[in-house]
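# Breakdown of the fold
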Amino acid sequence: MVGQTLIQKILAKASGKETEGVVENEIVFVSPHRILSHDNSAAISKTFYKMVGPNGKIWGPEKIFIALDHAVPPPDAVKAGNHTVIRKFVKDQGIKYFYEGGTGICHEVLPAKGHVPPNVVILGSDSHTTTHGAFGAAGIPIGRTETASVWAIGETWLKVPESIKIILDGSLPKGVYAKDVILEIIRQITAAGATYNSIEFYGSSVKKLSMSERMTLSNLTAEMGAKAGIFPVDDVTDEWNKQFGFQYDRITADEDAKYIKTLELEVSNLTPRIAKPHKVDNVVPIEELGKTTIDVALIGTCTNGRLDDLEIAANILKDKTIHPNIRLLVYPASQEILLQATREGILEILVAAGGQIGVPACGPCLGAYGGCIASGEKAISSANRNFKGRMGSKEDTGIYLASPATVAKSALAGYITAEES
Amino acid sequence: MRFKSQKIWIFPEDDINTDVIFPGRYTYEPLTPDEMARHALEDYDSKFIEEVEEGDIIVAGNNFGAGSSREQAVTCLQAAGISCIIAKSFARIYFRNAINQALPLVISPECSDFITKNKKNLLSSKEKIDVDFDNGLLKIKDKVFSFPKLDDQALQIFKAGGLVEYTKTRLKKST
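So, here is what we can say about the structure in this document. (Residues numbered from 1 in each chain as written. Chains lettered and ligands numbered in written order. Predicted model: local features only at pLDDT ≥ 70, side-chain atom pairs only at ≥ 80, totals over all residues. Heavy atoms only, no water.)

### Looking at the overall build of chain A
Applicable threshold: The helix count covers DSSP runs of H or I at least four residues long, the strand count covers runs of E at least two residues long, and both are numbered beginning at the N terminus. Radius of gyration here uses only the C-alpha atoms, and the compact-globule reference equals 2.2 Å multiplied by the residue count raised to the power 0.38. We call two residues contacting when some pair of their heavy atoms lies within 4.5 Å. Exposure was quantified through the Shrake-Rupley algorithm and a 1.4 Å probe, taking into account, for residues, occlusion by the shown protein chains and nothing else. The charged-residue count follows a simple rule in which Lys and Arg add positive charge and Asp and Glu add negative charge, with His and chain termini not counted at all. Every charge is mapped to an atom, namely NZ of Lys, CZ of Arg, CG of Asp or CD of Glu.
The number of helices and strands found in chain A is 14 helices and 18 strands. The C-alpha radius of gyration of chain A comes to 21 Å, within 12% of the 22 Å expected for a compact globule of 421 residues. Along the three orthogonal principal directions, the C-alpha set of chain A runs to about 60 × 50 × 40 Å. In chain A, the proportion of contacts linking residues at least 24 apart, taken out of those at least 6 apart, comes to 75%. With the model as given, the accessible surface of chain A reaches about 14,400 Å², and the carbon-plus-sulfur share is 49%. Of the side-chain charges in chain A, 43 are positive and 47 negative, and the distance between the mean point of each set is 5 Å.

### With respect to the sheet that holds strand 2 (residues 34–37) of chain A
Residues and elements named next belong to chain A. Filter applied, for reference: Only strands that DSSP links by at least two bridges are regarded as paired with each other. Convention adopted: a line fitted to C-alpha atoms gives each axis, helices being fitted over their contacting stretch, and angles between N-to-C directions are expressed from 0 to 180 degrees.
Taken in spatial order, the 5 strands of this open sheet run 4-3-2-5-6, and their pairing is parallel. Because the sheet does not close on itself, it has two edges, and the strands there are strand 4 (97–99) and strand 6 (138–141). The average undirected angle you get between the axes of adjacent strands in this sheet is 20°. In this structure, strand 3 (residues 64–67) lies alongside strand 4, joined through 3 bridges in parallel fashion. Within the sheet, the bridge partner assigned to Phe65 lies in strand 4 and is Tyr97. Across the sheet, helix 5 (residues 144–153) touches strand 2, strand 3 and strand 5 (121–124), and the angle it forms with strand 2 is around 140°.

### Description of the interface of chain B and chain A
The parts lose accessible area when they come together, and the size of an interface is often stated as this lost area. As a reminder of what qualifies: When two components associate, each loses some accessible surface as probed by a 1.4 Å sphere; the sum of these losses over both components is called the buried area. A side-chain nitrogen of Lys or Arg and a carboxyl oxygen of Asp or Glu constitute a salt bridge if their distance falls within 4 Å.
Taken together, the 40 residues of chain B in the interface contact 50 residues of chain A. The junction of chain B with chain A conceals about 3,700 Å² of combined surface from both sides, 55% of it contributed by carbon and sulfur atoms. When residues of chain B are sorted by the area they lose upon contact with chain A, Tyr28(B), Arg92(B) and Arg96(B) head the list and together hold 24% of the total. Scanning the region where chain B abuts chain A turns up 7 salt bridges. In this structure, Asp151(B) engages Lys159(A) in a salt bridge whose closest nitrogen and oxygen atoms are separated by 3.1 Å. Elements with a minimum of two residues in the side of chain B that touches chain A: helix 1 (18–21), helix 5 (92–100), helix 8 (152–159) and helix 9 (163–174) of chain B.

### Observations regarding the pairing of strand 9 (residues 198–202) of chain A
Residues and elements named next belong to chain A. The test is simple: Burial classification: accessible surface area is computed with a 1.4 Å probe over protein chains only, and a residue below 20% of its type maximum counts as buried, one above 50% as exposed, and the rest as partly exposed. The path from the first strand over the helix to the second decides the hand: if it runs clockwise while the strands point away from the viewer, the crossover is right-handed.
The buried count for strand 9 comes to 4 of 5 residues, which makes it a mostly enclosed element. Relative to strand 9, strand 8 (residues 163–169) runs parallel, the two being bridged by 5 bridges. Opposite Ser163, over in strand 9, you have Ser198 as the bridge partner. Regarding the hand of the β-α-β motif, the stretch spanning strand 8, helix 6 (residues 178–189) and strand 9 is right-handed. As paired elements, strand 9 and strand 10 (residues 228–230) share 3 bridges and run parallel to each other. Following the sheet pairing, Glu200 is matched in strand 10 by Ile230.

### What about the pattern of salt bridges?
A side chain of one charge can pair with a side chain of the opposite charge when the charged atoms of the two come close. Counted according to the given criterion, the structure contains 32 salt bridges over all chains. Between Glu155(A) and Arg170(B) there is a salt bridge, with its nearest N and O atoms 3.0 Å apart. In this pair, Glu155(A) is assigned in the loop between helix 5 and strand 7 (156–159) and Arg170(B) in helix 9, connecting two distinct chains. Here Glu155(A) falls in the partly exposed class, since its relative accessible area comes to 22%.

Everything listed here is a matter of coordinates, which is why it stays silent on function.
This is the structure in structure tokens:
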């Protein structure tokens, strides 16, 4: 057997080829441990019935995960009706893992509810399904019709990807976070630089990253075109998994596994990074960004809406008030995080500073509801995309991506800054 | 499979994302393909939907269809009349979505460059473009470009007319 990377081992296992292994570019057929979808489940269900007929049944009701999050609570009757279709589908098909609007963002809820053991394949009808690589799984994004097909027949084809190794060494300086690291990686690899590849994370810094920070990194591998972004299981993963009692082996890549590219990054001297409009790889060190005033500051999303993110923001905003020209929007990534932030007094600080707290869900990240920007406005956001028009208007707007700390500091100042005011 | 190029839309920029092809504000509304077509490329080129005709093709740069997995970014162009997209490269999910909808994609940096450079010439002569998907060949004027053929599995889905038809056939076989 040729040396196997993490993705090769995971795909070999999922396709029953553990003994012989798989080679790059081989086509394998894989049945997922879970298949994730969200508000798009209404459209997927229509396609599903086209495939199976009006009385058709789903392949594995206990494999399907649906969380309502992309327009929650629904801002209009059309989007409310979309949710109605999904609830009926869930009931008719006996889908086991359905999470009502307000539970949280799909990529936060899936692992938090114990659906992501290591070494499995998670398919998801959402491009940020790569997030689940943080847990040592292969989180692989697919489209709607393909999701409908997996619902119907229980498997899909996958090409075994080539892999990229990223080695992170050193300790993050004060004020620099996981988000800054991954933005710097995207700057170097570029938006298309990992297309069809799987990314693996190694190095001394990785051992110090929490599960939440790993999720930020894996989440953003999608913005380099990656098929997956995986952290090998270590003590941090084991500790997280204790709550679920998962039984698993620690899979590691073979010594002689092949990588098409290796990127080494020393993080000790890194400064905060900003992704400027309208591309995620348009990244600059914050010191190179000219004075940029903003109108909206968003903390939340599947990239950076977790408890540690809210806490970092609260530590910056404590006993302060945001700039009068700014609307600070805070979307905790899940109900559990919202509850915990309430108990710990984090929420009180954020509200007292002038923050508007949203229902745990995607918020204005995709411009469907909940704080869209108007023409002529600029936003700083802890999200993952800064595409033209993404948060609302496309006319004379711009989205700047940054860490929650930089978002909070900018909300105080009224312009983008990493200095504490 | 043969296309007569009614019109060639040239978007040479890299990384054209699915948000500008089909904006997020419409993604969670139940729309028919024709309704989706009305928003095609709305945030990128507002002239497109007014002027696009059945059979037009798109020529693009690298990483066309980057970003969100939304399949409407394929469906809306198809419903608007686009018969084929030629690009230097495609984003992974976009490529899969296109196979699943049986929208022909051609990966050819040389062809993308050739058409971009000879745009005026090609448009005035209403040049025919022949695309042979089985052999991965594209002919335009007297130039022949080769492009990577689809893997067998992807080709089966494409030839079935997309994944809906493919899955239907598979289900019939298993019963």
